[in-house]
Amino acid sequence: MTSVKEFRVEQPATPDELGRGRFVFTDAYSIFDWGRMPDTIPEKGRSLCTMGAHNFALLEAEGIPTHYRGVVADGSVVDLAETDEPPREMAIDLAQVPELPVQNGDYDYGAFHADAGDNYLIPLEIVFRNTVPVGSSLRSRRDPQDVGLDVAEWPDDPVELPEPVVEFSTKFEEQDRYLTREEADAIAGRATLDELAALAREVNRVVTERAEEVGLTHEDGKIECLYHDGEVRVADVVGTFDENRFSYRGHELSKEVLRQYHKRTQPEWVTAVSAAKEEIEETQGTDWHALCGPDPEPLTADVVATASDLYTAGANAYVGRELFDAPELSAAVEAASELA
């Protein structure tokens, strides 16, 4: 189980063959790497499954290899277009996921790849950015000139990049961290960084084009990939309001709304999370949650309803079908903008 998806194995992967399984998208949400938050957001899981399935169909129409097999409706695996109900389950191919052991505070990727062979989920997240918001960590890690901007200092406002920027971060570590190219290359195993970056740019292009078609702006996102028998495929789920940031007429349309709401209403908890992550990094430990004193407080009912409307109205707009009983997108976004 991940923080927001349940994982069901129907046929385990072997060293030589992909397995088969399903994602079950729950209504849980997670922010700041905390894991499951106290509340659930009604219909969130179905909205993410719907968007993910729509995007996988777009990718495969472009010849981009994925692990997607369809959505589950009435117990059968079908194309999204064949069902009138928003799905909660997605059928997928499975790669091996070896254990990532920790030795003396360091993650042992050598042991991971010794077990992985030629069939494994690549332990990286490949991040792509079309814009750089004011609070982005990219501003502290890269100079503007490094990403194609003809300025000496980062502007005070959000920045649209001349070309998408691709970066690599860890996937299975307790706390995600961005990597140098050399670090990422060692972690990727048999997959090449050039191939992973090219795949991320293609996914970004497809999602960006779809967003533009329906009046959205695609700001950034990430992919995960599997490696099987010399081929890299897009895995996990792609182009949802949890994996990617979208906006509509200048307003956020993604999980970022919930992040900003917690920054405003629960600043002590957000500060404690940040401090715990910094402390665990200094001590080379892994479990920062144990250092974080307060737990997050539940959301009020009106905030839960607003978040649900944002996910469902956004999914309706993105896939171009009224699968959810949701308000118009403009009304949902306007209500959500008051949360930040």
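Described in the following lines is the structure provided in the data block.

Some details on the pairing of strand β13 (residues 245-248)
Part 1 of the argument: Of the two faces of β13, the one holding Arg 245 and Ser 247 and the one holding Phe 246 and Tyr 248 are both buried throughout.
Part 2 of the argument: Taken together, the three bridges between strand β11 (residues 217-228) and β13 define a ladder with antiparallel strand orientation. Across the sheet, the residue bridging to Asp 220 is Arg 245, located in β13.
Part 3 of the argument: As paired strands, β13 and strand β14 (residues 251-252) are joined by two bridges and run antiparallel to one another.

Thoughts on the pattern of salt bridges
Part 1 of the argument: Inspection of the entire model under this criterion finds 31 salt bridges.
Part 2 of the argument: Its salt-bridge partner being Asp 236, residue Lys 5 comes within 3.2 Å of it at the nearest N-O pair. Here Lys 5 is found in strand β1 (residues 5-11), whereas its partner Asp 236 is found in the loop between β12 (231-235) and β13, with 231 residues between them in sequence.
Part 3 of the argument: Here Asp 236 falls in the buried class, since its relative accessible area comes to 10%.
Part 4 of the argument: A salt bridge links Asp 33 to Lys 277, with the shortest nitrogen-to-oxygen separation between them at 3.2 Å. Within this pair, whereas Asp 33 is found in the loop between β2 (19-25) and α1 (44-61), its partner Lys 277 is found in helix α7 (residues 267-283), the two being separated by 244 residues in sequence.
Part 5 of the argument: Sharing partners across several salt bridges, the network here consists of Lys 5, Glu 125, Lys 171, Lys 222, Glu 224 and Asp 236.

Some words on the packing of α1 against helix α5 (residues 193-213)
Part 1 of the argument: It is at 10 Å that the axes of α1 and α5 come closest, and there the two elements cross at 120°. Handedness of the α1/α5 crossing: right-handed. Listed contacts from α5 to His 54, Asn 55, Leu 58 and Leu 59 of α1 are Val 203, Val 206, Val 207 and Arg 210.
Part 2 of the argument: Across the contact of α1 with α5, the residue classes break down as five nonpolar, two polar and one charged.

A few points about helix α6 (residues 256-265)
Part 1 of the argument: Those residues of α6 that fall on the buried side of the exposure criterion are Glu 256, Val 257, Leu 258, Tyr 261 and His 262.
Part 2 of the argument: Contacts from the buried residues of α6 go to β13, β14, α7, α8 (301-319) and α9 (329-337).

Side note on the side chain of Lys 171
Part 1 of the argument: Residue placement: Lys 171 occurs in the loop between β10 (159-170) and α4 (181-188).
Part 2 of the argument: Within the structure, Lys 171 has its side chain in polar contact with the side chain of Glu 224 (distance 2.7 Å).
Part 3 of the argument: In this structure Lys 171 touches Leu 121, Ile 122, Pro 123, Leu 124, Glu 125, Asp 176 and Glu 224, once residues within four positions along its chain are discounted.

The rules we used
- Residue numbers restart at each chain and count upward from 1, following the sequence in its written direction.
- This being a predicted model, a pLDDT of at least 70 is required before a residue's local features are given, and a value of 80 or more before pairs of side-chain atoms are given or counted; all residues contribute to the totals for chains, interfaces and linings.
- Computation of side-chain values covers all heavy atoms of the structure but excludes hydrogens and water.
- Think of it in three bands: residues with accessible area under 20% of the maximum for their type are buried, residues over 50% are exposed, and the middle band is partly exposed, with areas taken using a 1.4 Å probe on protein chains only.
- In this description a helix means any DSSP run of H or I spanning at least four residues, a strand means any run of E spanning at least two, and both kinds are numbered starting from the N terminus.
- Only strands joined by at least two bridges in the DSSP assignment are considered to pair.
- We define a salt bridge as a side-chain nitrogen of Lys or Arg found within 4 Å of a carboxyl oxygen belonging to Asp or Glu.
- Fitting a line to C-alpha atoms yields each axis, with helices limited to the stretch in contact; the angle taken between N-to-C directions then spans 0 to 180 degrees.
- In this scheme the crossing of two helices becomes right-handed for a clockwise turn of the near helix relative to the far one and left-handed for an anticlockwise turn of less than a right angle.
- Should any heavy atoms of two residues lie within 4.5 Å, those residues are counted as being in contact.
- Each residue gets one of three labels, nonpolar for Ala, Val, Leu, Ile, Met, Phe, Trp, Tyr, Cys and Pro, charged for Asp, Glu, Lys and Arg, and polar for the others, Gly among them.
- Contacts described as polar in this section are N or O atom pairs within 3.5 Å, which, within protein, must combine one atom able to donate a hydrogen with one able to accept it, while residues neighboring in sequence count only if both atoms come from side chains.

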